[in-house]
Amino acid sequence: MAASSDASAIGFPPPLLGAQPLRLPVLGETADWLALNKPAGVGVREYPWDLGLPNLDTALNQQLQEGKPELLRTQAALFGSVYYLDPVISGVAVFGKNRAAVAALRNAYGSGHCDCCFYLLARHAAESGLTERLADAPLLPHNTKPKMIPSTAKGKRATTTFHCSAVAASGWALWQATTTYFRPHQVRAHAATLEMPILGDTLYGGLPAPSLHDLDNKKRGPGVQTPLFEGVALHLAEVRFPETGPLAAAGIQAALPRSFAALLKRLGLSLPGAALEG
């Protein structure tokens, strides 16, 4: 099932997902699952590194139990996230709507049967001439910091493929990162191991977003020194589950956040093919 073409959305009044009310677009839905376009700053489930952050598992189930019509119409018995997505990442978040569906989807995901495609911004080493890069460093949680580190001795297997889609004159590049199973922080940590940390990802050595002055030192006036983007420039654009079986989906797509799309435009970059822009 491709991205939903209607304007349906689910609302979350404060303080469920923070101090401001949010309406998250419904990307697709069947009798067994619901997919939402998650904004950055919101978790999908409770996780030790994300203490204190709101999460969608809790918010969805609380509103379902309270009888909110938007959620009663989904005919869900409960909601359970299929995978963990770092709160700094925007994009596709999928939730099973009953215990059997949650178990089946998590099993498919955990077995590496899902294709996940991210978009990210990072510097491009022009001298390398590489447009395809593979990161397969095993990853291990840091002893004291909320981050992953490579460890061939104790790390768990992880593989991410990076493809450079376009390079701006400023040296920033739009990359696609694909994997069939991503661990917490996997794309962020793997990008750092390739010495191309993601824009805004200070935890892994990423540089801040450029300002108008950085892109054109002739620019003058108020605000020209202000970074053009806040947060980590990483978005889960598409998730594909197995193409057979009752939970099959041809592809669930999530449009880029407007701020991400605006930064691409400022850099003179565009998404490939029919990819969605916010």
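This one's a predicted model, so the numbers in the text were calculated from it and none came from an experiment.

Caption draft 1: Up close: the overall build of the protein chain. Along the backbone of the protein chain there are six helices and 13 strands. For the protein chain, the C-alpha atoms occupy an extent of roughly 55 × 50 × 40 Å along the three principal directions. Evaluated residue by residue, the protein chain yields a buried proportion of 47% over its 278 residues. Just so you have it, the protein chain exposes about 13400 Å², and 53% of that area is on carbon and sulfur atoms.

Caption draft 2: Layout of the packing of aromatic side chains. Enumeration over the complete set of coordinates arrives at eight aromatic pairs. Their ring planes at 85° and their centres at 5.7 Å tell us that Tyr 47 and Trp 49 sit as a pair that is edge-to-face. Between Tyr 109 and Phe 182 the ring centres are 5.9 Å apart and the planes differ by 75°, which places this aromatic pair in the edge-to-face class. Linking Tyr 109 in helix α3 (residues 99-110) with Phe 182 in the loop between β11 (172-179) and α4 (186-193), this pair joins segments that are 73 residues apart in sequence. There is no split in this pair, since Tyr 109 and Phe 182 are both buried. Pairwise contacts between aromatic rings join Tyr 83, Tyr 109, Phe 118, Tyr 181 and Phe 182 into one cluster. Sitting over the ring of Trp 172, Arg 123 keeps its end group 4.9 Å from the ring centre. A cation over an aromatic ring shows up here: Lys 147 above the ring of Tyr 204, its NZ or CZ 5.1 Å from the ring centre.

Caption draft 3: Quick peek at the nonpolar core. Counting residues in each nonpolar core, the largest one holds 72 residues, and the members touching the most others are Leu 36, Leu 56, Phe 118, Leu 120, Leu 121, Phe 162 and Leu 236. Considering each element in turn, this core owes the most residues, six residues, to strand β6 (residues 115-123). Other than its neighbours up to four places away in sequence, Leu 36 contacts Ile 10, Phe 12, Leu 24, Pro 25, Val 26, Leu 27, Leu 56, Leu 60, Gly 91, Val 92, Ala 93 and Phe 95. Grouped together as the second largest cluster of nonpolar side chains are five residues, Leu 139, Met 148, Ala 189 and Tyr 204 included.

Caption draft 4: Up close: the state of the cysteines. This model, assessed by the stated rule, comprises zero disulfides. Of all cysteine sulfurs, the one in Cys 116 lies closest to Cys 114, which takes part in no disulfide; the gap is 6.1 Å.

Caption draft 5: Here's a closer look at empty space enclosed by the protein. One pass over the structure, following the stated rule, counts one cavity of 30 Å³ or more. In this model, the largest cavity occupies a volume close to 50 Å³. Ranked by the residues each element gives to the lining of the largest cavity, the list is headed by α4, at three residues. Considering only residue class, the lining of the largest cavity consists of five nonpolar, two polar and three charged.

Caption draft 6: How the structure looks around unusual backbone geometry. The residue after Pro 14, namely Pro 15, is reached through a cis peptide bond having omega 10°. Along the chain, Pro 15 turns up in the loop between β1 (9-12) and β2 (22-29). Phi at Gln 75 takes a positive value of approximately 60°, unusual for a residue other than glycine. A residue is classified by how much of its surface remains accessible, and Gln 75, at 72% relative accessible area, is exposed. Even without being a glycine, Glu 195 presents a positive backbone phi close to 60°. Here Glu 195 shows up in the loop between α4 and α5 (212-215). Given a relative accessible area of 74%, Glu 195 falls into the exposed group.

Caption draft 7: Broad picture of the pattern of salt bridges. Tallied over the full model, the rule gives six salt bridges. Residues Glu 29 and Lys 97 are paired through a salt bridge, measuring 2.8 Å at the closest nitrogen-oxygen approach. Of this pair, Glu 29 sits in strand β2 while Lys 97 sits in the loop between β5 (90-96) and α3, and the two are 68 residues apart along the sequence. Its relative accessible area of 30% is what places Glu 29 among the partly exposed residues. Residue Lys 97 is classed as buried on the basis of its relative accessible area, which comes to 3%. In this structure, Lys 68 engages Glu 70 in a salt bridge whose closest nitrogen and oxygen atoms are separated by 3.5 Å. For Glu 70, a relative accessible area of 18% gives the class buried. Salt bridges sharing partners connect three or more residues here, namely Arg 23, Lys 68 and Glu 70.

Calculation criteria
Residues numbered from 1 in each chain as written. Predicted model: local features only at pLDDT ≥ 70, side-chain atom pairs only at ≥ 80, totals over all residues. Heavy atoms only, no water. Helix = DSSP H or I, 4+ residues; strand = E, 2+ residues; numbered from the N terminus. Buried < 20%, exposed > 50% of the residue type's maximum accessible area, 1.4 Å probe, protein only. Areas by Shrake-Rupley, 256 points an atom, 1.4 Å probe, with all protein chains shown as cover. Phe/Tyr/Trp six-rings, centres within 6.5 Å; stacked < 30°, edge-to-face > 60°. Lys NZ or Arg CZ within 6 Å of the ring centre and 35° of its normal. Core = buried A, V, L, I, M, F, W, Y, C linked by side-chain atoms within 4.5 Å. Contact = heavy atoms within 4.5 Å. Disulfide = S-S within 2.5 Å. 1 Å grid on protein atoms, 1.4 Å probe; cavity = no way out; pocket = protein on both sides within 12 Å on 5 of 7 lines; lining within 4 Å. Points joined across faces, edges and corners; volume = space filled by probe spheres on them. Nonpolar A, V, L, I, M, F, W, Y, C, P; charged D, E, K, R; others polar. Salt bridge = Lys/Arg side-chain N within 4 Å of Asp/Glu carboxyl O.

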